[in-house]
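What follows is the residue order along each chain.
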Amino acid sequence: MSGLRLLAGPSLSSGSETYADHVRRLGAATLAGRALIEALGRSGLTGRGGASFSVAVKWKAVAVASKGRAVVIANGAEGEPQSHKDRLLMTTRPHLILDGAFLAARTLRANQVVLYVGEEHGSSWAAMERALDERPEAERRIARMVAAPHRYVAGESSAAVHLVEAGIATPTTTPPHPRERGVASAPTLVQNVETLAHIALIARYGDAWYKSAGRRGAAGTILITITGGVKSPGILEVEAGTTIEEAVAMAGGVSEPAAALLVGGYFGAWVPVDKGWALPLDAAALKAQGMNLGCGVIGVLPATRCGVCDTARIMRYLAQESSAQCGPCFFGLRALSDAIGRVAERGTNRDDLARLKRWAVEVQGRGACKHPDGAVIFLRSALSTFADTFASHPAHWRQQPA
Amino acid sequence: MREGLHLSIDRIKCDGHGLCAELLPELIRLDDWGYPIIAPGPVPDHLLPLAQRAVATCPVLALALRRTAASK
């Protein structure tokens, strides 16, 4: 592609860009207020935390209800184990994120900005704290750092609000959504840090510039994390609409023949490689195919690994990460994890296969948040992608769980 | 979404007491762990009195009748 956007500028290995360098390189944002919300709407920008929700819709809802007391939460919890892109951004380009957060605060007339950073992301926390110290007094005065607990659900928007408000990072029943009633009942914008960084650039260069990147009808750039059987796993900034095959080529290509791809991380879906290579990395295009970009994780499963065993390992993790509030999620994911664990460990049996298929449908839509839905959509994709392996799995883990 | 009243459950409040499924088996069944699964769509008129009784009987006030199916 012609150029990086979020990751443009000084070498990423030289650490955080200082505020002075950031301002010298990019100048000040020119758009704010109504004009910024309109530009965000025309850009089509959607959230990069996983839900791919329209940024403009969220901003309009908070702006209407704000009355000068809205809250902005910059979400750097990054609880998805395979994703590293938010951490890369926080450690190297913290001022893009802060620009986005304070632009949101000004535009939405918010009186609080919370930098919500995963407690286990030590260097991200340090970089964000240092960056905040460099900002003007008027910004520092309304901002504070809050540690996101090391739990998968801590980054879910209602859980972020709950933590900031009450110190408990569990999701709450919606509606009301945080954008309607969040921290201290004030309308609250919970926005992923990558999304805020894109906003910082759109506020400088506009929506037409944003859309000048992108392929196959998609707009902008995306940070993705490529893991698994590739020669150079890691984080890439790609033009939206780049195919997975092209992105994997940018990561050095496969390290050995691949069997399947995990698109969208643990809340995503498995696809066989023959169908997966051509998929475009774009939230809208993937949604049209019943898939989900999530937070941009692409996992490449080598043909030598067992998809059932990997799925069992991930289901065990997702079951453990239930916040144990809703019965269908707490008991259902545990039961599903046990059933697939038995298939992985003791071999295929008809009863467990039937249970997996039935529960994977029954659990959906029956939690306060989308945790159970994400887990069973992921499981169902495994049941179809690895149908042959599920039908004749041997009586032992083909790979020990990590 | 079709017009009418829908049953909705606050999934955090629900503890799986199961009274709702006893009182309204036409629309509510329990999963393998005792938590309710609600039939999709609006509550038919002839079942509204039973649905209201199920709502009133829920020990943790997790069941509600709502004009839209805002939460499942």
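A quick note: this is a predicted structure, and the numbers were derived from the prediction, not measured. (Residues numbered from 1 in each chain as written. Chains lettered and ligands numbered in written order. Predicted model: local features only at pLDDT ≥ 70, side-chain atom pairs only at ≥ 80, totals over all residues.)

Novice: Any chance you could explain unusual backbone geometry here in plain terms?
Specialist: Residues and elements named next belong to chain A. Each neighbour pair has its own omega, and for threonine 174 with proline 175 the value is -5°, a cis peptide bond. Along the chain, proline 175 turns up in the loop between helix H8 (157–166) and strand E4 (188–192). The backbone of serine 185 shows a phi angle near 65°, a positive value even though the residue is not glycine. Assignment of secondary structure puts serine 185 in the loop between H8 and E4. (Helix = DSSP H or I, 4+ residues; strand = E, 2+ residues; numbered from the N terminus.)

Novice: Whenever I open this one, the domain arrangement of chain A confuses me. Can you help?
Specialist: Accessible area lost on assembly of the parts is the figure often given for the size of an interface. All names here are of chain A. Considered domain by domain, chain A is made up of domain 1 (12–211), domain 2 (221–300) and domain 3 (307–391). Between the C-alpha centres of domain 1 and domain 2 the distance comes to 25 Å. Sorting elements by how many residues they give to the side of domain 1 that touches domain 2 places helix H4 (residues 85–92) first, with three residues. Its residues assigned to classes, the side of domain 1 that touches domain 2 comprises two nonpolar, seven polar and four charged. (Domains from an automatic or database assignment. Nonpolar A, V, L, I, M, F, W, Y, C, P; charged D, E, K, R; others polar.)

Novice: Just checking my understanding: could you explain the interface of chain B and chain A for this structure?
Specialist: Residue-level contacts link 12 residues of chain B with 13 residues of chain A. Of the residues belonging to the side of chain B that touches chain A, the class tally is six nonpolar, two polar and four charged. (Contact = placed C-beta atoms within 7 Å.)

Novice: Which parts of the structure should I look at to understand the pairing of E4(A)?
Specialist: Put simply, side chains in a regular strand alternate between the two faces of the sheet. Residue and element names in this part refer to chain A. Of all five residues in E4, five are buried; the element is thus mostly enclosed. Burial of E4 is two-sided: the residues Thr188, Val190 and Asn192 facing one way and the residues Leu189 and Gln191 facing the other way are all buried. In the sheet, strand E1 (residues 70–76) pairs with E4 via five bridges, with the strands oriented parallel. Along E4, the bridge assignment pairs valine 72 with leucine 189. (Buried ≥ 20, exposed ≤ 12 C-beta atoms within 10 Å, placed from the backbone. Pairing = 2+ DSSP bridges.)

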